[in-house]
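Structural overview
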Protein chains: 2
Amino acid sequence: MTYAISVEDIHSAAERLEDVAVRTPLIENVQLNEITGGRVFVKAECLQHTGSFKFRGAYNRLSRLSAEEKERGVLAFSSGNHAQGVARAAQLLGIKATIIMPEDAPALKLAATKGYGADVVTYDRYTEDREEVAATTAGDSGVVIVPPYNDPFIMAGQGTAGLETVQDLRKIGLTPDQALVNCGGGGLASGFYTAMYDAFPNLNGYVVEPEEFDDVKRSLETGDIQTIDFNARSICDALLTPSPGKLTFPIIKDKGVTGITVSDDEARAAVSFAARHMKLTGEPGGIVSLAAILAGKVETAGKITVCIISGGNVDPQMHTDCILNF
Amino acid sequence: MTYAISVEDIHSAAERLEDVAVRTPLIENVQLNEITGGRVFVKAECLQHTGSFKFRGAYNRLSRLSAEEKERGVLAFSSGNHAQGVARAAQLLGIKATIIMPEDAPALKLAATKGYGADVVTYDRYTEDREEVAATTAGDSGVVIVPPYNDPFIMAGQGTAGLETVQDLRKIGLTPDQALVNCGGGGLASGFYTAMYDAFPNLNGYVVEPEEFDDVKRSLETGDIQTIDFNARSICDALLTPSPGKLTFPIIKDKGVTGITVSDDEARAAVSFAARHMKLTGEPGGIVSLAAILAGKVETAGKITVCIISGGNVDPQMHTDCILNF
């Protein structure tokens, strides 16, 4: 089977991102090790430009556009993190960006996206299809649509977070037993695991989703792409995708990755733990892999475990509610 | 003039700390650059083990004890960050630690220090002298007192944060125009600036203190060590030292460093900014150098500025108050 990306594509993306993206730290925390009885390494991707890993894929994708495509501008649809990643990458590369965002996206994400110079168009997440809204907004302008995950350059860009994790673990001579990755459409998971399994073929991989958005988990269990229904709700706004992508899913599936889920309260507890003990701001949808570890969803005692805080763009009200009440 | 430490002592400390301390990232933030009109690099030392830079000096100091001294155990007096640093370093090195802490230290700091296995003794910050309490507690037990800043191994250990900053700036080919460092007793400032001025002799250095705890600023202005009075109050609990140290002050003074101060509200605003935009938890006393930049206390437009978030051990109530109200 041929996959949408290889580890070489991730190395190529890493070259594009050198001195452009933040090389985020892989953090080990005493309290977390004590709780788990093992060693847990957290890729702190909330420290990435725009506050999430999405900048990596967006910049890699936009940097590959032809001069003529750059002239036409780009359009993206996103709940907020891809929005900011594309907006900032476009700003750095001098490209005009239009972003379609759900009207109930966190205010912080809407404001930040506009702050990076993008035009923002909003829609109703529960009654409108965002790809249709995007097509309507684009019209016949020739604007280049930048998909959130189902694109090889996006996937390879996100994979650089996995490549850095591999390099940091090798530097200290460790082979991880398992890794957990937050999963919406699978852009991060497909890239991350392409790099991680290439280096550590005996790894046990997990993708983590909100309970009601378990489309990837069910897809992995059935072997075919499954979809969530419109009644599903979660505070993990970054992970509310209806199904894994046609390009991302085969990679995740063939690695033998397992799907697990966490509740909204488990995500809230992880946001609180990160702020209190790890000194990091995480958003609910960016912290589900840490939440799964803290909630004991995987066996960690005596093991070396990797997870990721993939985003930290949380509204202050939500953030402080988590810190005080969880 | 002979100083208590040289840059070689910092290199030696860095060897002790390799693979023991976190090599914390030097973070550049788009929003911060926009606000300042320059480039600002923040050493994110809140990501250090125990949530502050204090682990560096404590581990370097304790690792130099003889087997016989280790057997006798260590005693430290601290408002909370040095406490945790010593407690954790002692835990790693198998040394018994007793820590004298003010009874009004943040609950998070008291709990964490106990969590690292130390015995904690409390005292009244405003009516008792902590060095006397330490001497009384020590009695004739032969315990080794680990001072918070006035010690060459402590100072050299803290200096490794400066050495890493030098290395990271050189890696991207930048020479900073200015650096701002949070200052209590001057352990961090003396070490940090020993490394920074060695690499960048034309640097403009600043030490930043809470308004009512401006002992270092006044000491620099008069040329002699000045002391604050017992009526001074600040939320910056990590910086409530009465005067700079006899070993730290000559280094800070002879570099030509300037003292500046920030109000408690300016510190609160910086805690909020760090949580919202930089995705980092900072404590008031650990964030005054960033606060000074955000409050416009130094000229930043068109300049390359370095500062530090030196600690993130803030109680949840204080943290959320800052995020919501500043």
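In this text, all values refer to a predicted model and were calculated from it rather than measured experimentally.

1. A word on the overall build of chain A
A count of helices and strands for chain A gives 14 helices and 10 strands. Projected onto its principal axes, the C-alpha coordinates of chain A cover approximately 55 × 45 × 40 Å. Each of the 326 residues in chain A was classed as buried or not, and the buried ones make up 64%. Contacts spanning at least 24 positions in sequence make up 73% of the contacts within chain A whose residues lie at least 6 apart. By element, 46% of the accessible surface of chain A is carried by carbon and sulfur atoms, the whole surface being about 11,600 Å². Taking the average place of the 29 positive charges on the side chains of chain A and the average place of its 42 negative ones, the gap between the two points comes to 4 Å.

2. Re the packing of helix H12 (residues 264–278) of chain A against helix H14 (residues 316–325) of chain A
Residue and element names in this part refer to chain A. Put simply, H12 and H14 touch, their axes get as near as 8 Å, and they point 85° apart. What the angle tells us is that H12 and H14 run roughly perpendicular. Facing H12, whose interface residues are Arg 268, Val 271, Ser 272, Ala 275 and Arg 276, H14 presents His 319, Asp 321, Cys 322 and Ile 323. Here the contact of H12 with H14 is built from residues that sort into four nonpolar, two polar and three charged.

3. Concerning the domain arrangement of chain A
When the parts come together, some accessible area is lost, and that loss is often what is quoted as the size of the interface. Residue and element names in this part refer to chain A. Taken domain by domain, chain A consists of domain 1 (7–53 + 151–325) and domain 2 (55–145). Its C-alpha centre places domain 1 at a distance of 23 Å from the equivalent point of domain 2. Domain 1 puts 36 residues into the contact, and the matching count from domain 2 is 24 residues. A combined buried area of about 2,500 Å² lies between domain 1 and domain 2, and 54% of that area is made up of carbon and sulfur atoms. If you look at where domain 1 meets domain 2, you find five salt bridges.

4. Structural notes on the pairing of strand S3 (residues 74–77) of chain B
Residue and element names in this part refer to chain B. The alternating pattern of S3 places Val 74 and Ala 76 and Leu 75 and Phe 77 on opposite faces, both of which are buried. Once the chain exits S3 it traverses helix H5 (residues 81–93) before rejoining the sheet at strand S4 (residues 97–102), and the crossover so formed is right-handed. Summarising the sheet, S3 and strand S6 (residues 144–145) pair through two bridges and their orientation is parallel. Along S6, the bridge assignment pairs Leu 75 with Ile 145.

5. Considerations on the side chain of Asn29(B)
Residue and element names in this part refer to chain B. Examined against the element boundaries, Asn 29 turns out to sit in the loop between strand S1 (26–28) and helix H2 (30–36). Reaching out from Asn 29, the side chain makes a polar contact with the backbone nitrogen of Gln 31 at a distance of 3.0 Å. With residues near it in sequence (within four places) discarded, Asn 29 still touches Val 40, Phe 273, His 277 and Met 278.

6. A few points about the sheet that holds strand S4 (residues 97–102) of chain A
The pairing of strands in a sheet comes from backbone hydrogen bonds and takes either a parallel or an antiparallel form. The sheet built from four strands is open, its strands ordered S5-S4-S3-S6 (chain A) with parallel pairing. Whereas interior strands pair on both sides, the edge strands pair on one side only; in this sheet they are strand S5 (119–123) and strand S6 (144–145) of chain A.

7. Some thoughts on the packing of aromatic side chains
Geometry of an aromatic ring pair is reported as the spacing of the ring centres plus the angle between the planes. For the structure on display, the rule yields six aromatic pairs over all chains. When the ring of Phe55(A) is compared with that of Tyr59(A), the centres are 5.8 Å apart and the planes differ by 40°; the resulting orientation is tilted. Taken as a pair, Phe55(A) and Tyr59(A) lie in helix H3 (residues 54–63) at a separation of four residues, close to a single helical turn. Each member of the pair Phe55(A) and Tyr59(A) is classed as buried. Among the aromatic residues, those joined into a cluster by ring pairs are Phe192(A), Tyr193(A) and Tyr197(A). In this arrangement the basic side chain of Arg170(A) is found over the ring face of Phe200(A), its NZ or CZ atom lying 5.8 Å from the centre. The ring of Tyr126(B) carries Arg233(B) above its face, with NZ or CZ at 3.7 Å from the centroid.

8. Focus: the relation of the copies chain B and chain A
Aligned on chain A, chain B shows an RMSD of 0.0 Å; the corresponding rotation is 180° and the shift along the axis is 0.0 Å. Viewed as a symmetry operation, the transformation between the two copies matches a two-fold axis. Comparing interface residues between copies, 100% of those in chain B also sit at the interface in chain A, which points to an isologous, same-surface contact.

9. Re unusual backbone geometry
Residue and element names in this part refer to chain A. In this structure, Thr 50 takes a positive phi of about 70° despite not being glycine. Classification of Thr 50 by relative accessible area gives buried; the value is 6%. A positive phi angle, close to 65°, is found at Lys 279, a residue other than glycine. Its place among the elements puts Lys 279 in the loop between H12 and helix H13 (288–294).

10. Some thoughts on the interface of chain B and chain A
Taken residue by residue, the interface counts 30 residues in chain B and 31 residues in chain A. Carbon and sulfur atoms supply 62% of the area that chain B and chain A bury against each other, a total of about 2,500 Å² over both sides. Our count for the contact surface shared by chain B and chain A stands at zero salt bridges. The interface formed by chain B and chain A holds 10 residue pairs in polar contact (both at pLDDT 80 or more) in total. Counting residues per element, the side of chain B that touches chain A draws most heavily on helix H14 (residues 316–325) of chain B, which supplies six residues. Here the residues of the side of chain B that touches chain A are counted per class, giving 14 nonpolar, 10 polar and six charged.

Cut-offs applied
Residues numbered from 1 in each chain as written. Chains lettered and ligands numbered in written order. Predicted model: local features only at pLDDT ≥ 70, side-chain atom pairs only at ≥ 80, totals over all residues. Heavy atoms only, no water. Helix = DSSP H or I, 4+ residues; strand = E, 2+ residues; numbered from the N terminus. Buried < 20%, exposed > 50% of the residue type's maximum accessible area, 1.4 Å probe, protein only. Contact = heavy atoms within 4.5 Å. Areas by Shrake-Rupley, 256 points an atom, 1.4 Å probe, with all protein chains shown as cover. Lys, Arg positive; Asp, Glu negative; His and termini not counted. Charge placed at Lys NZ, Arg CZ, Asp CG, Glu CD. Axes fitted to C-alpha atoms, helices over the stretch in contact; angles between N-to-C directions. Parallel < 35°, antiparallel > 145°, perpendicular 65-115°, else oblique. Nonpolar A, V, L, I, M, F, W, Y, C, P; charged D, E, K, R; others polar. Domains from an automatic or database assignment. Buried area = accessible area lost by both parts, 1.4 Å probe. Salt bridge = Lys/Arg side-chain N within 4 Å of Asp/Glu carboxyl O. Right-handed = clockwise from strand over helix to strand, strands pointing away. Pairing = 2+ DSSP bridges. Polar contact = N/O pair within 3.5 Å; in protein donor to acceptor, adjacent residues only side chain to side chain. Phe/Tyr/Trp six-rings, centres within 6.5 Å; stacked < 30°, edge-to-face > 60°. Lys NZ or Arg CZ within 6 Å of the ring centre and 35° of its normal. Least-squares fit on C-alpha atoms with pLDDT ≥ 70 in both.

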